[in-house]
Amino acid sequence: MLLISATSLRPHTQPKNWTAGFSLLELLTVICLVGILSSIAIGWYGGNTRDVIEHVTNQRNAQEIVSLGVYATIGGADFVIPGDKQASAAKLIGGVTGQQGMWKGKHFSLTNLRPTDLPGALTFVKFESDLLLYDPAGQQP
């Protein structure tokens, strides 16, 4: 019969100058891996954020174009070029003047938009019966 005591299972005692812990090489390796993974994650997250911000900005610009277009249409301003959203919106950026009703003589212009903002915004604008309408899906060519 074989008897095993608890003292025989205990590991040998450590030398007096030995301390538990990680070596410098192990710590540096972990720091490098964390740095590489975090730089990948931050780049990925930052790229997605830029796309979302650009999408929302284009939607907001389209809403502004359509809103001002509705007021200018009600005021009788001549800015619509049938079938050409780009040229119609460019006229709104330059400014048009109301010709009838309470908007007669009022100036309508998109002062905070530049012509370079139009291509992205116009994907959310559609033409219907010579009216500029907002399309939240952004499926317009």
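Per-chain numbering applies: the sequence of each chain, read as written, is numbered from 1 onward. For a predicted model such as this one, the threshold for reporting local features is a pLDDT of at least 70, and the threshold for listing and counting side-chain atom pairs is 80 or more; totals across whole chains, interfaces and linings nevertheless cover every residue. Based on all heavy atoms of the structure, the side-chain values leave hydrogens and waters out of the count.

Numbering of helices and strands starts at the N terminus; helices are DSSP runs of H or I of at least 4 residues and strands are runs of E of at least 2. Each helix and strand counted, the protein has 4 helices and 4 strands in total. The linear arrangement of helices and strands in the protein, starting from the amino end, is α-α-α-β-β-α-β-β. Relative accessibility under 20% of the residue-type maximum defines a buried residue, over 50% an exposed one, and the middle range a partly exposed one, all with a 1.4 Å probe and only protein chains included. Residue burial in the protein is summarised as follows: out of 141 residues, 23% are buried. What makes two residues a contact is simply this: any of their non-hydrogen atoms within 4.5 Å. Across the protein, contacts joining residues at least 24 apart in sequence account for 53% of those joining residues at least 6 apart. Shrake-Rupley sampling with a 1.4 Å probe provides the accessible areas, and residues are treated as covered by the protein chains on show and by no other component. For the protein, the accessible area works out to roughly 10,400 Å², and carbon and sulfur atoms hold 63% of it.

With that settled, the discussion passes to a nonpolar patch on the surface. Patch definition: residues above 30% relative accessible area lacking any salt bridge, with like charges linked at up to 9 Å and the nonpolar side chains Val, Leu, Ile, Met, Phe, Trp and Tyr linked at up to 5 Å. Any Lys or Arg side-chain nitrogen located within 4 Å of an Asp or Glu carboxyl oxygen qualifies as a salt bridge. Residues Leu24, Leu28 and Ile31 make up a contiguous nonpolar surface patch of about 330 Å² in total accessible area. In this structure Leu24 comes out as exposed when scored by relative accessible area, which is 62%.

Listing the buried residues of helix H3 (residues 85-94) in full gives Lys85, Ser88, Ala89, Leu92 and Ile93. Down the axis, H3 shows its buried residues gathered within 145 degrees of arc, on one side only. Polar contacts, as counted here, are pairs of nitrogen or oxygen atoms within 3.5 Å of one another; within protein the pair requires one atom able to donate a hydrogen and one able to accept it, and residues that are adjacent in sequence qualify only if both atoms are side-chain atoms. The distance from a side-chain oxygen at the start of H3 to the backbone nitrogen of Gln86 is 3.4 Å, and the residue carrying that oxygen is Asp84. At the C-terminal side of H3, Gly95 shows a positive phi close to 105 degrees. In this context, the arc is that of the directions from the helix axis out to the C-beta atoms.

Before going further, it helps to spend a moment on the environment of Ile74. Here Ile74 is to be found in helix H2 (residues 24-74). For Ile74, a relative accessible area of 41% puts it in the partly exposed group. Placed 29 residues apart in sequence, Ile74 and Trp103 show a C-alpha to C-alpha distance of 8.0 Å. Dropping the residues within four chain positions of it, Ile74 is found in contact with Gln100 and Trp103.

Right, let's talk about the nonpolar core for a bit. Among the buried residues, those of types Ala, Val, Leu, Ile, Met, Phe, Trp, Tyr and Cys that are joined through side-chain atoms within 4.5 Å form a nonpolar core. Core analysis: the largest hydrophobic core is formed by 20 residues, its most contacted members being Ile65, Ala72, Leu92, Val96, Leu110 and Leu132. Of all the elements in the fold, those that place two or more residues in this core are H2, H3 and helix H4 (118-121). The greatest single-element share of this core, amounting to 5 residues, is contributed by H2. Setting aside residues up to four positions removed in sequence, Leu110 forms contacts with Glu64, Ile65, Leu68, Leu92 and Ile93.

Here we take up the pairing of strand E4 (residues 131-134). What makes two strands pair is DSSP finding at least two bridges between them. Sheet analysis places strand E3 (residues 125-128) next to E4, joined by 4 bridges and oriented antiparallel. Pairing of Lys126 across the sheet is with Leu133, part of E4. Turn length for the E3-E4 hairpin, with the two strands adjacent in sequence and antiparallel, is 2 residues, and the turn residue Ser129 shows positive phi of about 55 degrees.

This part covers the pattern of salt bridges. Scanning the entire structure with this criterion turns up 1 salt bridge. The residue Arg114 makes a salt bridge to Asp117 at a minimum N-O spacing of 3.4 Å. Assessed through its relative accessible area of 51%, Arg114 is described here as exposed. Owing to a relative accessible area of 17%, Asp117 belongs among the buried residues under this scheme.

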